[in-house]
Amino acid sequence: MKSSLRSSLLLLLTAMIWGLAFVAQDVAMESVRAFTFNGARMMLAALMLLVVCAVLEKKAASQPEKNDGTTIPLKRMSSAQKKQLLIAGLLCGSVLAVASSLQQIGLEQGAAPGKAGFITALYIVLVPICGLFFGKKLRLVLIPAVVFSVAGLYLLCMTDSADAASGLRLETADIYLILCALGFTAHILIIDYFSPRTDCVKLSCLQFFVCSIICIIMACIFEKPRWPQLLDCLVPLLYAGLLSGGLGYTLQMVAQKDLDPTVASLIMCLESVFAVLGGLIILKDGMSHYEYIGCALMMCGILLAQWPEKKGLSAPKIPSGE
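These numbers come from a predicted model, not from an experiment. (Residues numbered from 1 in each chain as written. Predicted model: local features only at pLDDT ≥ 70, side-chain atom pairs only at ≥ 80, totals over all residues. Heavy atoms only, no water.)

Colleague: Explanation requested: the overall build of the protein chain in the structure shown.
Modeller: Broken down by element type, the protein chain carries 13 helices and zero strands. Tracing the protein chain from N to C terminus, the helices and strands come up as α-α-α-α-α-α-α-α-α-α-α-α-α. With 322 residues in all, the protein chain has 51% of them scored as buried. The contacts of the protein chain with a sequence gap of at least 6 include a subset with a gap of at least 24, amounting to 86%. (Helix = DSSP H or I, 4+ residues; strand = E, 2+ residues; numbered from the N terminus. Buried < 20%, exposed > 50% of the residue type's maximum accessible area, 1.4 Å probe, protein only. Contact = heavy atoms within 4.5 Å.)

Structure, rendered in structure tokens:
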């Protein structure tokens, strides 16, 4: 099997794992609240990535040191490199805690997994738009991408056909999910800044630990979690933590080595489609025909936002293990 085909299939598997995580998150809401679930699953993801880091550390220790410093084992890192890694981990973990908690609360408020997946995916359109504030050039393809996304969001946020005459009607869950998309947009921009400057695997592991600690503190303050509650949702918790977090990130990391960034981004966009299919097949959680049309329009916007206007132009980066 050609390496590009193998990588494409691995990324398709990654998109499916991440998409079905919305179903796991929705099921978990029957037993635990948002901060409790996120604190536990992020800790599981961090522990799994800690194992990955240990393996990569051992491998890097036996290889010559590289000039960019991004693959140097921790014991070879300078004080400045360690400080930068710590700052990046704290920032990414804090923003991830906010974004992931908003997403979980949106599901807690009754949003369907498919709807949550597509509204969250707005970050793919928002990232290049926010890039304008950092001096990046506006690509013309973003104009129809925004139009499709806004039209899709409009239809997704209408509860039924009777609302068509009264216009856009945002429910509480929709507001949380839109804020979640903004949170993941900020998360991607921070990663975009730090990823060329530090070890991405260590950064991802550290951000999961930081995110977990923040969510656990919030859970202890507002939710008073109990062990029996966590045991009641053990299966979705293990799926979201180990598969979606740890394994999903590792698969993405392996697959993207032999794949064009644009192709990789387009494949990972299918995460939202798998969220819809998972909710429909596993939870029997159907949506209205307006919402399905909204998903289709948003998918068009997402694909356009990822598509380069000329050869050699990379697509926006995708966050890992959401």
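Colleague: Whenever I open this one, the packing of helix α2 (residues 34-61) against helix α10 (residues 234-255) confuses me. Can you help?
Modeller: Angle between the axes and distance between the axes: these two values describe a pair of packed helices. Contact pair α2 / α10: the axes reach a minimum separation of 8 Å and the direction vectors enclose 35 degrees. Of the two elements, α2 crosses α10, and the hand of that crossing is right-handed. Contacts between α2 and α10 pair Phe 37, Ala 40, Arg 41, Leu 44, Ala 45, Met 48, Leu 49, Val 52 and Leu 56 from the former with Pro 236, Leu 237, Leu 238, Ala 240, Gly 241, Leu 242, Gly 245, Gly 246, Leu 247, Tyr 249, Thr 250 and Met 253 from the latter. Residue composition of the contact of α2 with α10, grouped by class: 16 nonpolar, four polar and one charged. (Axes fitted to C-alpha atoms, helices over the stretch in contact; angles between N-to-C directions. Left-handed = near helix turned anticlockwise from the far one by under 90°. Nonpolar A, V, L, I, M, F, W, Y, C, P; charged D, E, K, R; others polar.)

Colleague: Where do I start with the packing of α2 against helix α3 (residues 79-108) in this structure?
Modeller: In the contact formed by α2 and α3, the axes pass within 9 Å of each other and the chain directions differ by 130 degrees. One finds that α2 runs oblique with respect to α3. Here α2 runs over α3; the crossing is right-handed. Contact residues: Ala 34, Phe 35, Phe 37, Asn 38, Arg 41 and Met 42 in α2; Leu 96, Ser 100, Ser 101, Gln 103, Gln 104, Ile 105 and Glu 108 in α3. (Parallel < 35°, antiparallel > 145°, perpendicular 65-115°, else oblique.)

Colleague: Please explain the layout of surface pockets as it appears in this structure.
Modeller: Once rolled over the atoms, a probe with the size of a water molecule shows which space is left empty. Estimates place the volume of the second largest pocket at around 160 Å³. Around the second largest pocket, the lining residues are Leu 50, Cys 53, Ala 54, Glu 57, Leu 74, Lys 82, Leu 85, Leu 86, Lys 202, Cys 205 and Leu 206. The set of elements that each furnish at least two residues to the lining of the second largest pocket consists of α2, α3 and α8 (200-222). (1 Å grid on protein atoms, 1.4 Å probe; cavity = no way out; pocket = protein on both sides within 12 Å on 5 of 7 lines; lining within 4 Å. Points joined across faces, edges and corners; volume = space filled by probe spheres on them.)

Colleague: Sorry if this is basic, but what is going on with α3 here?
Modeller: Side chains that are three or four residues apart share a direction in an α-helix, a result of its 3.6 residues per turn. A rise of 1.5 Å per residue sets the reference length of α3, with its 30 residues, at 44 Å; its end C-alpha atoms lie 42 Å apart and thus fit the reference within 8%. After α3 finishes, the residue Gly 110 shows a positive phi value of roughly 110 degrees. (Expected span 1.5 Å × (residues − 1).)

Colleague: Would you mind showing me how to read the pattern of salt bridges here?
Modeller: Once their charged atoms are close, side chains differing in charge can pair, the charge on each being opposite to the other. Within the structure shown, the criterion is met by five salt bridges. The partner of Glu 108 in a salt bridge is Arg 33, with the nearest N and O atoms 2.9 Å apart. Taken together, the residues Glu 108 in helix α3 and Arg 33 in the loop between α1 (3-28) and α2 connect sequence positions 75 residues apart. Take Glu 108: its relative accessible area is 26%, and that puts it in the partly exposed class. Note that Glu 291 is salt-bridged to Lys 115, the shortest N-O span being 3.9 Å. Here Lys 115 lies in helix α4 (residues 113-120) and Glu 291 lies in helix α13 (residues 289-306), a separation of 176 residues in the sequence. An identical accessibility class is assigned to Glu 291 and Lys 115; each is buried. Each of Glu 57, Asp 199 and Lys 202 takes part in a single network of salt bridges with overlapping partners. (Salt bridge = Lys/Arg side-chain N within 4 Å of Asp/Glu carboxyl O.)

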